[in-house]
Each structure stands twice: as C-alpha cells, then as structure tokens.
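Structural characterization, general
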Amino acid sequence: MSDPISATLRDQTLKLLANGEATSRADLVEALQVAPSTVTGVVRRLLEEGAILEEGVGRSTGGRRPRILRLREIAGVFAVSELGAQHARIGLCTPDGRLVTAEEVAIDIAAGPAEVFDAVAQAFGRIQATTAPGQALLGIGVALPGPVEFPRGRLIGPARMPGWSGVDAQVELSRRFHVPVVVDNDAKAAAIGEHTARDRETGDMIYVKAGTGIGGCLVTGGQVYRGGRGLSGDVTHVRVADSGERHCSCGSRGCLETVASGAALASQLAERGLPITTTHDVIAAVTDAEPTAVTLVRHAGGLLGVALSGLVNFLNPDAVVIGGALSSLDVYVAAARGMLYERCLPSMTQSMSIEASVVGPDAALVGLGRLVRTAADVRPS
C-alpha cells in the first residue's frame, strides 16, 4: 500500500466507511468505480492493519449476503461547536459521530477570534472533564456563521463577524489543540447533520438555516455542493421584493436577511415598541401569540419562500428543509411552504417535501462530528 494509487484508495475507502456511504465490498466497488479484486486487496490490507472490522451480514440483493465492514472504534472524543452571534452550542461526539452531550454558552462573536476561541476552549475542557474524563481529544470541529473557504477554514468577508475577515480559523484552532481541526460554514455543517439523520433515500436537498441570519446549502448525491471556493449557499443576500429596501449588513439594500432573519424580525418588532432584542425574544412572542409578531413572522416566512422559489425551479430538489431557530415556528415554515407552492412550477413541487428540520439545534454538531471523523482518520496506531 505504499504506491500513491493504493494510498489514495485506502483513504477513500476509510472516508466512505466513516461517512456511512459504504458498508460492504459491493458498496465500495460501486462508489470507487474500481475492479472487485482491487477493493478486495484494499479491504484485506485494512483488516490486517486493524483499521476496520468485518462482522455480520447485510441484506441480499440476489446473491450471497454481504459481510458488513466498519471502522474499528478508538477510545476518545471529538469536540464540536457551532458559533452564533451571542451563543455557542458546544458538544462532544464519539468516534462514530454520535453526539453524546450538547449545551449552550454565552459568547460575543464581535469580540473577535481570540476571545471567542478562548471561551470555546474553556467550554470544551469543562465538558470533556465532566462527560468524558480521561478520554483523549481526537479532533475539533467548529461551524462559523459566515462564508468559509473549505477545506482551508479561512473566513471570507463575513458580514456579521466584525474583525474576522481573512482569519484562518483552522490554523488558529490547530495551534491551540494540536489535533486535527475542521472548520466549516454553519449552514453547511447543519445540512450534513440533517442529511445524515434522514433516510439515505432523501435525495437532493436544499437546506436553509434561518436563525439570527440566514444561510443555505445544497446537498446532491449525498454530498454538499460547495462551489469553486467552497462559498456556495449565500441565500441571505438574495434581493427580494417587498423588502422595503432596508440596509443590509453586506452594504447593499433589500437582501433577504433584512426581512426574513431573526435579527431583522427583532429589529422590526422593537421599532414597533415591543420589548424584543433577540431571535429568542421573537420566538417567545410568537409562541405567546403576540399579533404583531405573528404577522411579521408569517410575512418573513413568505419572503423566504419567494427567495427559494427560483432555486427550486432551477435545481428541482427532492426536499427543502428549514432549520435554525426560526424553524421551530410553524407559522414561519408554513408561510415559506405556501409561497413555494404558489411560486414554483407544479411539476417541481409535486413530489417535493417542504418541512422543518428533524435534528433541530444540534444539526451542525452532528454534521461536524461526521466531518471531523473523516479529517481525523481515526484508526489504531
């Protein structure tokens, strides 16, 4: 396995098994597009190394039932975190990507990377000490609310993260923890977590993270579509009608973010004299059936549907999933769904599902666990 081709196949095989995209030799043959004898050789070598295990049998598709392949588990944990404007969600994952604990800590993203990463590091240490004492830290995953060059992990012009533009977050975190680090955009990490939790037959999916800001992602063929620099999915700055031409954090006017995000809704409700300053306040007001809040949130959901309608007509996805904090509001999701049915071609929506996230606030953490496992290449030393 010392030649470059075999080394590449080895890494690809481990990645497929880690992601759950392959569980048998037949799956590997199909995914790698190589001869069965080649896969047999790679699998035999990995079994000899102890990197993988062969156990049980899968469902027969007409021939002999296949043996199931999986990575050997190693003691240790991955630390994962999704950063927001005022809070960070922190958690620990097992090497198989299972989230074992999660909690929120207060941060101020505007304080800059040094202060925020200090707070995240302290939270990681505290959670690991209480939840997984004595277990090795195998890798770190962090999701950021801005455009991230993937896999490099560098931020490119984040509108809501003053002082972060150009920051190489992956390098900064690697220096602190000395373990493999993955840094991704929050919506993309959440889309991976959402797709992982759903049936593998979900198909192509547009995922929208609607929270303080708005982010998006396309999952096609089981993989995130990232674009040329990894910056795809910026739906927040799509210009929409009925926006009131409000100024956006990007410097433009009339962006979706100015009318359909949690920050925009909080600002609009505060202008109307309601004691609301955060997205959580907006959610609480709608939950309490405050009439002005319900009306504005319904309008915001409809504008999200307007912005997504062109994407649905162009991409013809199997599903549109709305995640983030605002996805907990039925009125927001229902308004977006209604507008998609109204604006899209019937042939596009006839068999398309439009629904809220099934994973909820931990979607990004689940997605990061999957990404970190691949990056860390966890196996016996």
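Details of the structure are given in the entry above.
One numbering rule holds for all chains: residues counted from 1, following each sequence as written. Local features in this predicted model are restricted to residues whose pLDDT is 70 or higher, and side-chain atom pairs enter the listing and the counts only when it is 80 or higher, whereas totals over whole chains, interfaces and linings include all residues. To get the side-chain values, take all heavy atoms of the structure and skip hydrogens and water.

Quick look at the sheet that holds strand S4 (residues 87-93) now. When DSSP finds at least two bridges between two strands, those strands are taken to pair. Comment: elements are numbered from the N terminus, with helices defined as DSSP H or I runs of at least four residues and strands as E runs of at least two. The 5 strands lie next to each other as S5-S4-S3-S6-S9, forming an open sheet whose pairing is mixed. On the outer flanks of this sheet lie strand S5 (99-106) and strand S9 (181-185), each paired with one strand and no other. On average, each strand axis in the sheet is inclined to that of its neighbour by 15°, with strand direction left out of account. Set on the sheet, helix H5 (residues 169-177) makes contact with strand S6 (137-144) and S9; between it and S9 the angle comes to about 150°. Simply put, an axis is a line fit to the C-alpha atoms, just over the touching stretch for a helix, and the angle between two N-to-C directions goes from 0 to 180 degrees. Here, residues are in contact when the closest pair of their heavy atoms is within 4.5 Å.

Attention shifts here to the side chain of Arg-89. Tracing the backbone through its elements, the reader meets Arg-89 in strand S4. Beyond its immediate sequence surroundings of up to four residues, Arg-89 is in contact with Val-80, Ser-81, Glu-82, Ala-102, Glu-103, Glu-104, Pro-361, Asp-362 and Leu-365.

Moving on, we get to the packing of aromatic side chains. Two rings belonging to Phe, Tyr or Trp (six-membered ring only in the last case) form a pair when the distance between their centres is within 6.5 Å. Interplanar angles under 30 degrees mark stacking, angles over 60 mark edge-to-face geometry, and anything in between is tilted. For the structure shown, the criterion picks out 2 aromatic pairs. Consider the rings of Phe-117 and Trp-164, whose centres lie 5.5 Å apart with planes at 90°: the pair is edge-to-face. With a gap of 47 residues between them, Phe-117 in helix H4 (residues 113-131) and Trp-164 in the loop between strand S8 (154-155) and H5 connect regions that are remote in the sequence. Across the pair, Trp-164 and Phe-117 agree in class, each one buried. Its guanidinium or amino end placed over the ring of Phe-150, Arg-226 lies 3.6 Å from that ring's centre, counting from NZ or CZ. For every residue, the accessible area obtained with a 1.4 Å probe (protein chains only) is divided by the maximum for its type, and the residue is called buried under 20%, exposed over 50%, and partly exposed between those limits. By definition here, charges over rings are those cases where NZ of Lys or CZ of Arg is within 6 Å of the ring centre and within 35 degrees of the ring normal.

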